[in-house]
Number of protein chains: 2
Amino acid sequence: MPTGGARIRVTHFSVDPGMRSRLSGDSYAAALPLGETIESAGVGRVIESENPKLPVDATVTGGFGWREEFVTDGKGVMALDPALFSGKVTTTAAIGVLGVPGLTAYFGLLDLGKPKAGDVLLVSSAAGPVGATAGQLAKLLGLTVIGIAGSPTKCAYLKEIGFDHAINYRDGDLSKALRAAAPEGVDIYFDNVGGEMLDRAIAAMKPHGRIVISGQVAEYNAEKPIGIRNVTRFITHRLTMAGLVVYDYRKQFPGAMAALAEHIQAGRLSYREDISAGIETAPEAFIGLFKSENFGRRLIAVV
Amino acid sequence: MPTGGARIRVTHFSVDPGMRSRLSGDSYAAALPLGETIESAGVGRVIESENPKLPVDATVTGGFGWREEFVTDGKGVMALDPALFSGKVTTTAAIGVLGVPGLTAYFGLLDLGKPKAGDVLLVSSAAGPVGATAGQLAKLLGLTVIGIAGSPTKCAYLKEIGFDHAINYRDGDLSKALRAAAPEGVDIYFDNVGGEMLDRAIAAMKPHGRIVISGQVAEYNAEKPIGIRNVTRFITHRLTMAGLVVYDYRKQFPGAMAALAEHIQAGRLSYREDISAGIETAPEAFIGLFKSENFGRRLIAVV
């Protein structure tokens, strides 16, 4: 154990669609070398410590990766504030609704979506951790919210958490369903999918509509980029499309986390976790993300 | 002649790529019925008048359409301010650099492009009236400016009017030429073309780059929309793309026109007109726009 070091027992880590591009590499990030630990957010417990900021038994979070135990020099590992993580806010929320997915929803909606009461929000992967949070926050701001998900069960869940409309994209013509749910069009499209779904959403936008590019699950496993066709709509409808990387808002994280925690404690914001037991289940759980198998934030419990 | 009416002799009218979608109709505007006058901006002279705001011999402008003479009730017809249209500013500038193309460049660059000194601007159709104006304005603001055009003559012209780099897109690999001209990438892409050129420009953008969708000439005659493939770049590079319709800035037109006129008088902003004589030349001149035949603002002189 080095001075200042601590040994962490990982209790949970996340599997995220966004990790897909790190596996094969893309135009922006180099591919993860074979044999390296796959990156992901984690929650754990300090089991040995030479670091006063990380006392034994403290619950901690950070970019732990897919692993069960490790020794850290303390960098990038934070003890959870028990005042924030109590009551209805579980410690796993640190890598869910109070972590990257929840913060992506928060800043994507508020900063890039520019929502105002009366606006219509459309969100894809709506039963996922980003989409469900974005939709519920939009309801709190007085928007009409339409969610797209991949099963009747997920659609029922969206209605339960307050969405005005839920569309199962596997169930018939999506464009027609969008016209029925938003006859006057959509002001904000919060996109977690990309590809053809994005193209259809563009065709459903109102003038001056805002498109938030948060995730592009349809693209991550595509042989060739799929992209969009409806670019002239950007002129005719004065659309704006902007991409989001949540780490750009790092300085504003504490305020956003406090706001999200308050909504949860007050029962105004709910979240759902889809926990799979055992590190050996991680590859399967990861692949399932691209088949829309997950229902809520997908985590691995390291038992 | 009705009371308040005036008879206008058209001296010049414009042919514009944007009119293409009005001919066949699109998702936004209905097709122009057969037999109707094709819409366009015009300049003319009052030859008979019952309207004190439009005295005989006044030079006027408005959406006259492709025609030689007409009687107006005065709506949508404006007498040119002789103080603005004098010296180096010709009356035809009213439908060029001080009209829709110049104002599109002005508001597209300033409002959507968010330029700052040191930024790199890339502009397509750079020898056209929108592109040449956008590039010159950007130079006045301290940007590095790269223009894409379709011939060596046009590229030479771009260097003449102060562009730092001029790329002939017909001359080899555009992506390679972009990397050579902007090794660190592009901050603002002012897009008048769309399609594959837009995709290549997206791949050349710096993080936080802004894409201004001003025109989409490559799309207007395409059988099927071409669109773009590089959408995941919007996340990795935090790109923004926004479409422009200049009429949204109508209230700010007088100030912008005065600013543009001042630059022209001072010799800081030049413009080029490509005038074709005779109303019978208009169809050919219009079709040539899509073959990159025009060199500057294409106008028809009605002789």
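The rules we used
- Residues numbered from 1 in each chain as written.
- Chains lettered and ligands numbered in written order.
- Predicted model: local features only at pLDDT ≥ 70, side-chain atom pairs only at ≥ 80, totals over all residues.
- Heavy atoms only, no water.
- Helix = DSSP H or I, 4+ residues; strand = E, 2+ residues; numbered from the N terminus.
- Buried < 20%, exposed > 50% of the residue type's maximum accessible area, 1.4 Å probe, protein only.
- Contact = heavy atoms within 4.5 Å.
- Areas by Shrake-Rupley, 256 points an atom, 1.4 Å probe, with all protein chains shown as cover.
- Lys, Arg positive; Asp, Glu negative; His and termini not counted.
- Charge placed at Lys NZ, Arg CZ, Asp CG, Glu CD.
- Domains from an automatic or database assignment.
- Buried area = accessible area lost by both parts, 1.4 Å probe.
- Polar contact = N/O pair within 3.5 Å; in protein donor to acceptor, adjacent residues only side chain to side chain.
- Phe/Tyr/Trp six-rings, centres within 6.5 Å; stacked < 30°, edge-to-face > 60°.

Draft legend 1. Quick look at the overall build of chain A. Looking only at helices and strands, chain A features 10 helices and 13 strands. Projected onto the principal axes, the alpha-carbon positions of chain A cover approximately 60 × 45 × 35 Å. Considering chain A as a whole, with its 303 residues, one finds that 55% of them fall into the buried category. Counting contacts in chain A only where the partners sit at least 6 residues apart, residues at least 24 apart contribute 65% of the total. Carbon and sulfur atoms provide 53% of the accessible area of chain A, an area that totals close to 13,100 Å². In chain A, which carries 31 positive and 31 negative side-chain charges, the distance between the mean positions of the two groups comes to 5 Å.

Draft legend 2. Summary view of the domain arrangement of chain A. Residue and element names in this part refer to chain A. In terms of domains, chain A is made up of domain 1 (6–96 + 272–301) and domain 2 (100–246). Inter-centroid distance (C-alpha atoms) of domain 1 to domain 2 is 27 Å. On the side of domain 2, 14 residues touch domain 1, which itself brings 14 residues to the contact. In this assembly, domain 1 packs against domain 2 so that about 1,100 Å² is buried in total across both faces, 58% of it on carbon and sulfur atoms. Our count for the domain 1 to domain 2 interface comes out at four residue pairs in polar contact (both at pLDDT 80 or more).

Draft legend 3. Inspection of the packing of aromatic side chains at higher detail. All names here are of chain B. In the structure shown here, the tally under the stated rule is 16 aromatic pairs over all chains. Both rings, one in Phe 107 and one in Phe 253, keep their centres 6.2 Å apart while their planes meet at 35°; by these two values the pair is tilted. Of this pair, Phe 107 sits in helix α2 (residues 100–113) while Phe 253 sits in helix α9 (residues 253–265), and the two are 146 residues apart along the sequence. Residues Phe 107 and Phe 253 agree in their burial class; the two are buried. Ring geometry for Tyr 157 and Phe 295: centres 5.2 Å apart, planes at 80°, overall edge-to-face.

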